[in-house]
Amino acid sequence: MGQSHYKPQNVAADSTSMSSSSPSSRYSRRAYHAGSWYDSDKLALDATLSKFFADAAQNQRPSVLGIPRACICPHAGFSYSGPTAAYSYLALKEAMERNPSIRTIVVLHPSHHVFLESLLISGASTIETPLMNLAVDDVLREKLLSTGKFDLMNQRVDEHEHSGEMQYPFLAKIFMSVCSQEQIKVLPIMVGSIRANKEESYGKLIAPYLADESVFTVISSDFCHYGSRFSYTPRPNPSEASEHGINELFEYIEYIDRKGMDLIELQRPGAFADYFREYSNTICGRHPIAVWLNCVVANSENGIEKLDVRFVRYAQSSRVRSSNDSSVSYASAVARATSN
């Protein structure tokens, strides 16, 4: 199963990456990575997810804050990141139990294979998973397309991108446990490698849609991809290592990740952009995260909704001790509504 992919996005998007917005262009998105990144057998997959949730529930700290409104989730093969992702999806389960009006899950995910300077919305009518098929929210899709700022993914681009797909079995599992499958729909949005000013403008554009109490947002991202195969092998300087008690490379990786995680919790998209200029951390979902952060800030400044963002789980695929080693970091965060 896939640990993760982090590749420079050097394949330019063109008309072959996008499809017509006409209803006739809709397709059923196949579970393209089933059987490799996660189980294709329904019973086996259900058992795997059940164990992830049981383990996370046992270790989860109770929260006294408001209803969950969004979460950040990893998207590697389930044997790597599934246990961490379960912490985020427990928050979705809680949200759906406490807020029965939830009708749409918006999934913001990156593009690993196609270079984009915009955002693409899935053109699917149905998303297949081994557990059940998910319906796509065509009404919200048409509202966003009507702004003229979005295009549609075609089926090939949609199915080859794993960062959205790795969320769908988790969503199906939650839907099956909380509600009937007809009640909740999904809307995947692929976020390209856009500049900070576009992250801000798109964040402001989608802010009112994501603030709707019928919408819950999932942001798909892994964190640091360390190793020569990811072209990222930084080492701490002596003063940095001494000041922060860093003795091993895996400790330095966590230090770098947590600097970014702190800025996400503080809801500072500008500082988050500066952080990448300083550390160049290989957080593959940095653009979906940044768009969402700008959305959160816009809703807060406009008095529409204020969120408290906290990371609830962090893990690494392996403990790196040499620049010859490699690892991928996984983190789950939950954003809850607050009256403060």
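Residues numbered from 1 in each chain as written. Predicted model: local features only at pLDDT ≥ 70, side-chain atom pairs only at ≥ 80, totals over all residues. Heavy atoms only, no water.

(A) Fine view of the pairing of strand E4 (residues 104-110). The buried count for E4 comes to seven of seven residues, which makes it a mostly enclosed element. Burial along E4 is two-sided: Thr104, Val106, Leu108 and Pro110 facing one way and Ile105, Val107 and His109 facing the other are all buried. Across seven bridges, E4 lies against strand E9 (residues 185-191) in parallel orientation. By the bridge assignment, histidine 109 is partnered in E9 with methionine 190. (Buried < 20%, exposed > 50% of the residue type's maximum accessible area, 1.4 Å probe, protein only. Helix = DSSP H or I, 4+ residues; strand = E, 2+ residues; numbered from the N terminus. Pairing = 2+ DSSP bridges.)

(B) Focus on the pattern of salt bridges. What the rule picks out here adds up to 17 salt bridges. As a salt-bridge pair, glutamate 159 and arginine 30 come within 2.5 Å of each other at their nearest N and O atoms. Pair noted here: glutamate 159 is in helix H4 (residues 155-160) and arginine 30 is in the loop between strand E2 (27-29) and helix H1 (42-59), with a separation of 129 residues, a long-range link. Look at glutamate 159 and you get buried, because its relative accessible area is 2%. Relative accessible area serves as the criterion here: at 45%, arginine 30 is assigned to the partly exposed category. One network of salt bridges, with partners in common, ties together Arg26, Asp138, Arg141 and Glu142. (Salt bridge = Lys/Arg side-chain N within 4 Å of Asp/Glu carboxyl O.)

(C) Representation of the side chain of asparagine 99. Mapped onto the fold, asparagine 99 is located in the loop between helix H2 (78-98) and E4. By relative accessible area, asparagine 99 is classed as buried at 12%. Excluding residues within four positions of it along the chain, asparagine 99 makes contact with Ile67 and Glu213. (Contact = heavy atoms within 4.5 Å.)

(D) Geometry of the confidence of the model for the protein chain. Looking at the protein chain as a whole, the pLDDT averages 92, with 91% of positions reaching at least 70. The low-confidence segment residues 5-11, where pLDDT is below 50, has 19 contacts with residues more than four positions distant or belonging to other chains. (pLDDT = per-residue confidence, 0-100.)

(E) Looking closely at empty space enclosed by the protein. For the structure shown, the criterion picks out three cavities of 30 Å³ or more. The volume enclosed by the largest cavity comes to roughly 80 Å³. Together, Arg69, Ala70, Leu210, Thr217, Trp292, Cys295, Val296, Asn299, Glu305 and Leu307 line the largest cavity. When contributions to the lining of the largest cavity are tallied by element, the ones reaching two or more residues are strand E3 (68-73) and helix H11 (286-301). When residues of the lining of the largest cavity are assigned to their parent elements, the largest contribution, four residues, is made by H11. (1 Å grid on protein atoms, 1.4 Å probe; cavity = no way out; pocket = protein on both sides within 12 Å on 5 of 7 lines; lining within 4 Å. Points joined across faces, edges and corners; volume = space filled by probe spheres on them.)

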